[in-house]
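An overview of the molecular structure
The chain contents come next:
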Amino acid sequence: MAPRLQLEKAAWRWAETVRPEEVSQEHIETAYRIWLEPCIRGVCRRNCKGNPNCLVGIGEHIWLGEIDENSFHNIDDPNCERRKKNSFVGLTNLGATCYVNTFLQVWFLNLELRQALYLCPSTCSDYMMGDGIQEEKDYEPQTICEHLQYLFALLQNSNRRYIDPSGFVKALGLDTGQQQDAQEFSKLFMSLLEDTLSKQKNPDVRNIVQQQFCGEYAYVTVCNQCGRESKLLSKFYELELNIQGHKQLTDCISEFLKEEKLEGDNRYFCENCQSKQNATRKIRLLSLPCTLNLQLMRFVFDRQTGHKKKLNTYIGFSEILDMEPYVEHKGGSYVYELSAVLIHRGVSAYSGHYIAHVKDPQSGEWYKFNDEDIEKMEGKKLQLGIEEDLAEPSKSQTRKPKCGKGTHCSRNAYMLVYRLQTQEKTTTTVQVPAFLQELVDRDNSKFEEWCIEMAEMRKQSVDKGKAKHEEVKELYQRLPAGAEPYEFVSLEWLQKWLDESTPTKPIDNHACLCSHDKLHPDKISIMKRISEYAADIFYSRYGGGPRLTVKALCKECVVERCRVLRLKSQLNEDYKTVNNLLKATVKGSDGFWVGKSSLRSWRQLALEQLDEQDGDVDQSNGKMNGNTLNKDESKEERKEEEEELNFNEDILCPHGELCISENERRLVSKEAWSKLQQYFPKAPEFPSYRECCSQCKILEREGEENEALHKMIANEQKTSLPNLFQDKNRPCLSNWPEETDVLYIVSQFFVEEWRKFVRKPTRCSPVSSVGNSALLCPHGGLMFTFASMTKEDSKLIALIWPSEWQMIQKLFVVDHVIKITRTEVGDANPSETQYISEPKLCPECREGLLCQQQRDLREYTQATIYVHKVVDNKKVMKDSAPELNVSSSETEEDKEEAKPDGEKDPDFNQIMHAFSVAPFDQNLSIDGKILSDDCATLGTLGVIPESVILLKADEPIADYAAMDDVMQVCMPEEGFKGTGLLGH
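No experiment lies behind these values; they were computed from the predicted model shown.

**What about the sheet that holds strand 31 (residues 797–800)?**
Sheet architecture is open: four strands sit in the order 31-29-33-34, paired in antiparallel fashion. The open sheet terminates on both sides in strands that have one partner only, identified here as strand 31 and strand 34 (832–838). Each strand of the sheet is rotated relative to its neighbour by a mean of 30°, with strand direction disregarded. Of the strand pairs in this sheet, strand 29 (residues 742–747) and strand 31 are connected by four bridges, and their pairing is antiparallel.

**Section: a negative patch on the surface**
Judged by side-chain charge, Glu-700, Glu-702, Glu-704, Glu-705 and Glu-707 come together as a negatively charged surface patch. Within the secondary structure layout, Glu-702 lies in helix 20 (residues 694–720). The exposure class of Glu-702 is partly exposed, given its relative accessible area of 40%.

**A word on the nonpolar core**
Counting residues in hydrophobic clusters, the biggest one holds 64 residues, and the most contacted among them are Phe-185, Phe-189 and Leu-193. With nine residues, the top contributor of residues to this core is helix 6 (residues 144–157). If you look at the next biggest cluster of nonpolar residues, it comprises 34 residues, including Leu-239, Ile-243, Leu-311 and Val-341.

**Some details on the packing of helix 4 (residues 111–119) against helix 6**
Look at helix 4 against helix 6: their axes get within 9 Å of each other, and the N-to-C directions meet at 120°. Between helix 4 and helix 6, the angle is such that the two are oblique. Helix-helix and strand crossings are classified by hand; for helix 4 and helix 6 the assignment is left-handed. Facing helix 4, whose interface residues are Arg-114, Leu-117 and Tyr-118, helix 6 presents Cys-145, Leu-148, Gln-149, Phe-152, Ala-153 and Gln-156. Tallied by class, residues from the contact of helix 4 with helix 6 come to six nonpolar, two polar and one charged.

Thresholds, definitions, all that
Residues numbered from 1 in each chain as written. Predicted model: local features only at pLDDT ≥ 70, side-chain atom pairs only at ≥ 80, totals over all residues. Heavy atoms only, no water. Pairing = 2+ DSSP bridges. Helix = DSSP H or I, 4+ residues; strand = E, 2+ residues; numbered from the N terminus. Axes fitted to C-alpha atoms, helices over the stretch in contact; angles between N-to-C directions. Patch = residues over 30% accessible without salt bridge, like charges linked within 9 Å, V, L, I, M, F, W, Y side chains within 5 Å. Areas by Shrake-Rupley, 256 points an atom, 1.4 Å probe, with all protein chains shown as cover. Salt bridge = Lys/Arg side-chain N within 4 Å of Asp/Glu carboxyl O. Lys, Arg positive; Asp, Glu negative; His and termini not counted. Charge placed at Lys NZ, Arg CZ, Asp CG, Glu CD. Buried < 20%, exposed > 50% of the residue type's maximum accessible area, 1.4 Å probe, protein only. Core = buried A, V, L, I, M, F, W, Y, C linked by side-chain atoms within 4.5 Å. Parallel < 35°, antiparallel > 145°, perpendicular 65-115°, else oblique. Left-handed = near helix turned anticlockwise from the far one by under 90°. Contact = heavy atoms within 4.5 Å. Nonpolar A, V, L, I, M, F, W, Y, C, P; charged D, E, K, R; others polar.

Shown next, in the form of structure tokens:
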């Protein structure tokens, strides 16, 4: 037996031998467990449930002994947020903006670009007032250049360890929760910046993007027949290098510039020869920029899956790159130094993390920029482009190739930034303009104020903690009551008093009170007995109540519990006695009627009733933090239980009298009823001579009469309409019977309901009328054509012979007569047959009905759609052809929002896997109509349940370069659509 149950039993053991009127104060204190010994700290390791004198393990251990001051607060040292000396400032990751942060750090460390942006005019002069900045307003940059200026100024001179770029990101309209293509972001932002700066008057500002990043190459095509050379000049801001099949950066550059042969169907039209000729084509580098961006094409399109994938292959690169062998004009300075490596951690193209390794142009030292965290790379840490992959199994990792001095290799680098090598070392310091520096100083002042505020909050928390420590050490020793006067306090409140993380609230003992506003005996397991001295201090400092002294021990509850326990112990004996009495036959009129269901469960009913009389027993009895029931909820539950537990109510009729069914009750002796009445004094009593309910007898007789009447009606109608009942020899519109020129129509619903009644007249109500109004429109016209009644609408009507119609009019009330007459028209032989309905068809309502039916067909949540592939204009049906379970009411955008990350479109992929046709090669049509609108619903496209969609596949394109062009036209990605990068 569990210790808590043992304590419960020991506290009430005396109740089995003591009558309720004999309960004394000693019995009461025993019930409240005052007699239990207090636990000793060190011997008792955890708080004893059910022992009000155990004060061990309630949270006191954290206060006894010496305590570290830092445990009194949860405020980090504000100096941890301070920028370290000779270090850079980080950028906050706003969710999925690490790709933005890496480029911002790279561009910030381009000193020429930073200097040019500082020279750009700003609207900050309007913000300035008098001798400085308006104190009551925060500075809000208005343009992209101003945002970049302010960010660069903060990155340069802020006292913070990291700054928040949310203003810049918001100005671009970027989604902070969606990771984008970093390479595309770089291209679009450089284009936006160049366009913005092109309006500046200062040439050093206006041309900075071209001076730093813009180079020029030519597409050169040479005719093999006449030798004519054709050039197409083009500017570039980065070189996009294919890395598939290569191990070194120089190999990628060589492939980018290699000669391509134009032969066969791909021949070149020579204007000199005026015909298609074999030719060669290649790229010639004409000029290179100061900052050479080399994009490594790690993210490529996978034609098999229809999605992008990442190439996790190692590419080697050197810190010094000589580009002279690759340029057309020799003799210039083309030696470059590596200045940045941009890295994507992760194996997927759609997730991961972006980091940058960037070289300080002034000190020549390398730093790792990882959002808020910036780390100097030196010694063994100086491995450029090397970062641990995210969520990649170790078995799948390729072994890293060996690299010589001055060379590196990376499987995650997606962009390399080289700077043109100069003889003199960069010593120029870029100065922050005065108006920007004043903004930075103001932000630094706010930061210092925040640091002081946090330090003061830490100090206040420490002071409060020390005072609480002294209070606990003093009071905990005086908590045990011993023989002195005592009071009861909630264990939950004591635990919160000892909890350093929450402020102590006033004492609230209301949840532990009984109906007499005293301490409930069942709540003693969640209470603690403390000394009156400690209680006085608690109430004086924290307030609350009510105070539960020795006078709060409830004698009424103890006496009632004693009475119930005695009845419980007597119940087993009475159960045996009643069982023996039930075996005897009841003679004469001395018996009592008892429900059979009540007799089967009376012992359980009595036990539950005694438990209910025992008071409001807390469902969390014995738990330290039990939830108490709401008063309204407990009243409702108690009312439901009373309705279920009422003894002998199973033989009550609806009128509160003895039910007429003797199968549900039996007679018991007077002695047995006397025993049962001790436990159920309010149970309804029915002596054997009591008559059954007179109202129920009348209703029973009426019911029998009604059943006989229904049987008679059903038999008469079945005899009068035998063919309609058996569904034999029924007329058909598509094969009009020769023996009649007139047929009548009734609703099929009427026929089905009538047949139900005739089959089971005692269970169903008679059908009294024929409701043909359901077949008519509000204007009284017929809703169906003759043709539709022979086909799709035939399930809604039933055709009636004229002889049957005469009988129906006698047996039922008919609201509207509907008939169809066959007539012969014209003198020709054979003559033309016409069918005329009365009433006539209502064309307007008929058209509205058809439209509504079409709408109903196109509005569905689940349906089966079939897909057949067309090859050489013939349908191909395969066992694996997909049956798509789709919804007509969701647009493609709604579907995408409802899917978890990474889940693909189920429809396109089912088709792709069944027919091996990628989504971009699928041409879908239905009834000759091409399904091309991705934003439309299936219903608006005319796709209804059980439709057959035809799939025609485009032939795959062998030329991957051409494939990229096609993909750009046919499958545009959302990307940065709708953002400021595209001018929106």
